[in-house]
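Notes for the structure review
The residues making up each chain are set out below.
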Amino acid sequence: RDEALANCSDEERVALKEITGEDFNPRPDFPITEPEGPGQKWTVDTALATVRGRKEFERGRSLFFSAKCAACHRLRGLGGAIGPDLTSIPNKFDERYLVEAIVHPSKNISDQYGSSRVLTADGQILTGLVIEKDDGDLTVYPIDENAKAVEIDADEVERIEASKISQMPEGLLDRLNAEEVRDLLTYLMSAGNP
């Protein structure tokens, strides 16, 4: 059920509300707190070493939003839809795979969520997730999580090529301290279930 809903658009999830009973709203109704840090340069092994000890589910849930995971990813109906829905993580991946995907996002890029480089007629190069509309126009979601989506008319596109750089930026964990990394990973591996 969760995987089927994860493959639905926001509009489809709202339309299915009567059948699923899901109160679909991709925005949280709980407080979001910023990371306390201090952070560090995390490796796969140092991040995995944090998962022992007392875990705080609510802080992990809050960090999913304040650490910018939810800008692109959805978990249990909350968050963005640019990257894959993370609700089924525990059914598909172990902790090591998850941490490797966060620390080294360009190592394994899904064809479905890979970035592209778009060369425009005026020589501009845009890199990001490219969505092609029915009329051939493009929407490019840049890699920089703070950048706005860019609309490009079909007749302005010179070339589109696959990028070897993930849409997900490197270093997203680096603002977090060890307890915050532990709580965020716990939240992700629990698929949002306390």
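Residues numbered from 1 in each chain as written. Predicted model: local features only at pLDDT ≥ 70, side-chain atom pairs only at ≥ 80, totals over all residues. Heavy atoms only, no water.

Re unusual backbone geometry
Between Gly 37 and Pro 38 the backbone carries a cis peptide bond, its omega angle lying at -5°. Within the secondary structure, Pro 38 is located in the loop between helix H3 (17-20) and helix H4 (44-48). Located in the positive-phi region is Lys 68, a residue other than glycine, with phi close to 80°. Along the chain, the position of Lys 68 falls in the loop between helix H5 (57-66) and strand E1 (74-75). Overall, Lys 68 belongs to the partly exposed group, its relative accessible area being 35%. (Helix = DSSP H or I, 4+ residues; strand = E, 2+ residues; numbered from the N terminus. Buried < 20%, exposed > 50% of the residue type's maximum accessible area, 1.4 Å probe, protein only.)

Points about the nonpolar core
Judged by nonpolar contacts, the single largest core of 31 residues is most densely connected at Phe 64, Leu 173 and Leu 184. Elements supplying a minimum of two residues to this core: H4, H5, helix H7 (95-103) and helix H8 (178-189). Considering each element in turn, this core owes the most residues, six residues, to H8. Apart from residues no more than four positions distant in its own chain, Phe 64 is found in contact with Cys 69, Ala 70, His 73, Arg 74, Leu 75, Leu 78, Leu 86, Leu 184, Tyr 187 and Leu 188. Leu 126, Leu 138, Val 140 and Ile 152 belong to the second largest nonpolar core, which has five residues in total. (Core = buried A, V, L, I, M, F, W, Y, C linked by side-chain atoms within 4.5 Å. Contact = heavy atoms within 4.5 Å.)

So, a negative patch on the surface
Together, Asp 122, Glu 132, Asp 134, Asp 135, Asp 153, Asp 155, Glu 156 and Glu 158 line one region of the surface with negative charge. Position of Asp 153 relative to the elements: it lies in the loop between strand E6 (150-152) and strand E7 (157-162). By relative accessible area, Asp 153 is classed as partly exposed at 46%. (Patch = residues over 30% accessible without salt bridge, like charges linked within 9 Å, V, L, I, M, F, W, Y side chains within 5 Å. Areas by Shrake-Rupley, 256 points an atom, 1.4 Å probe, with all protein chains shown as cover. Salt bridge = Lys/Arg side-chain N within 4 Å of Asp/Glu carboxyl O. Lys, Arg positive; Asp, Glu negative; His and termini not counted. Charge placed at Lys NZ, Arg CZ, Asp CG, Glu CD.)

Focus on H7
Among the residues making up H7, those that are buried are Leu 98, Val 99, Ile 102 and Val 103. Taken end-on, H7 shows its buried residues confined to a sector of 125°, consistent with a single buried face. Buried residues along H7 sit against H4, helix H6 (89-92) and H8. (Arc of directions from axis to C-beta.)

Quick notes on the environment of Leu 126
Among the structural elements, Leu 126 can be located in strand E4 (residues 125-132). Measuring from C-alpha to C-alpha, the distance between Leu 126 and Lys 17 comes to 37 Å, with 109 residues separating the pair along the chain. Every residue in contact with Leu 126, bar those within four places of it in the chain, is listed here: Ser 116, Arg 117, Val 118, Val 140, Val 150 and Ile 152.

Quick notes on the sheet that holds strand E3 (residues 116-120)
An order of E6-E5-E4-E3-E7 is seen for the five strands of this open sheet, with the pairing classed as antiparallel. Lying at the two open borders of the sheet, with one neighbouring strand each, are E6 and E7. In this sheet, neighbouring strand axes are inclined to one another by 45° on average, regardless of whether the strands run parallel or antiparallel. Direction of pairing for E4 relative to strand E5 (residues 138-142): antiparallel, over a ladder of five bridges. (Pairing = 2+ DSSP bridges. Axes fitted to C-alpha atoms, helices over the stretch in contact; angles between N-to-C directions.)

Regarding the packing of aromatic side chains
Each pair of aromatic rings is reported with the distance of its centres and the angle of its planes. If you walk through the whole model with that rule in mind, you get five aromatic pairs. Considering the side-chain rings of Phe 64 and Phe 65, the 5.3 Å spacing of their centres and the 90° angle between planes classify their relative orientation as edge-to-face. Judged on exposure class, the residue Phe 64 and its partner Phe 65 are both buried. Grouping aromatic residues by their ring pairs yields a cluster made of Phe 30, Phe 57, Phe 64, Phe 65 and Tyr 187. The ring of Phe 30 has Arg 61 sitting right over it, with the charged end atom 3.7 Å from the ring centre. (Phe/Tyr/Trp six-rings, centres within 6.5 Å; stacked < 30°, edge-to-face > 60°. Lys NZ or Arg CZ within 6 Å of the ring centre and 35° of its normal.)

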